[in-house]
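As a plain string of letters, each chain reads:
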Amino acid sequence: MPRKFFQKYLPSHESIRRNRYIARFGTLLHHPNLWHLNRDSVAGGIAIGLFAGLVPGPFQMLIAAILAVPLRVNLPVALATTFYTNPLTIGPLYVIAYWIGTLLVPGDGAPFTHPPGFEWSNLGAWLRALLEWSLSLGKPLAAGLVALAVALAIAGYVVVQLAWRAQVILAWRRRKARRAGTNSG
């Protein structure tokens, strides 16, 4: 079961409470769902991470944490899920968001231009060019980002819920078959 695999690497409740950095936040980060791997907590963490991943700029993890704590979903999962946006995926995601935005806000904004080419050697200039390109697309991009973020969050939540449930059903069936085999022998 994947949950058992990940639980080996996650900290215990006591180690979380004793951590000097987490202790600064008092009881804010002590809720069990922030650290447990259960179906609802993980599905919520995935949804928040997918939503926050499309926040422009370097604020994705901050937004994911700000949403995960009061909604009491798995904090590490929410933070890790934001990494689906990176220099290789952000351009195509923004193009998709712009396309969705043109469907939601027709006839508004500048004509579409291709995003700037990615360059590892000049990352700062590329980020600046990407920001200028994003701002030039206006309302369609903004509306599309919100719509895409919400759609990804809902899809991620539903997929995790269904996959988790399917895994539990398969485990039940395997256990039942194992028991039937031991009882008949």
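Residues numbered from 1 in each chain as written. Predicted model: local features only at pLDDT ≥ 70, side-chain atom pairs only at ≥ 80, totals over all residues. Heavy atoms only, no water.

1. Some details on the overall build of the protein
Here's step 1: Of regular secondary structure, the protein possesses nine helices and zero strands.
Here's step 2: Along the protein, helices and strands appear, N-terminal first, in the series α-α-α-α-α-α-α-α-α.
Here's step 3: Taking as baseline every contact in the protein between residues at least 6 positions apart, the subset at least 24 positions apart corresponds to 71%.
Here's step 4: A total of about 11,700 Å² of accessible surface is found on the protein, and carbon and sulfur atoms cover 67% of it. (Helix = DSSP H or I, 4+ residues; strand = E, 2+ residues; numbered from the N terminus. Contact = heavy atoms within 4.5 Å. Areas by Shrake-Rupley, 256 points an atom, 1.4 Å probe, with all protein chains shown as cover.)

2. A look at unusual backbone geometry
Here's step 1: You will see that R72, though not glycine, has its phi angle at about 55 degrees, which is positive.
Here's step 2: By relative accessible area, which is 46% here, R72 ends up partly exposed. (Buried < 20%, exposed > 50% of the residue type's maximum accessible area, 1.4 Å probe, protein only.)

3. Quick look at a positive patch on the surface
Here's step 1: Judged by side-chain charge, R174, R175, R178 and R179 come together as a positively charged surface patch.
Here's step 2: Structurally, R178 is set in helix α9 (residues 138-184). (Patch = residues over 30% accessible without salt bridge, like charges linked within 9 Å, V, L, I, M, F, W, Y side chains within 5 Å. Salt bridge = Lys/Arg side-chain N within 4 Å of Asp/Glu carboxyl O. Lys, Arg positive; Asp, Glu negative; His and termini not counted. Charge placed at Lys NZ, Arg CZ, Asp CG, Glu CD.)

4. Looking at the side chain of Q60
Here's step 1: Considering the arrangement of structural elements, one finds Q60 in helix α5 (residues 60-71).
Here's step 2: The class of Q60 is buried, set by a relative accessible area of 16%.
Here's step 3: A distance of 3.1 Å separates a polar side-chain atom of Q60 from the backbone oxygen of V55.
Here's step 4: Dropping the residues within four chain positions of it, Q60 is found in contact with A52, G53, V55, T82 and T85. (Polar contact = N/O pair within 3.5 Å; in protein donor to acceptor, adjacent residues only side chain to side chain.)

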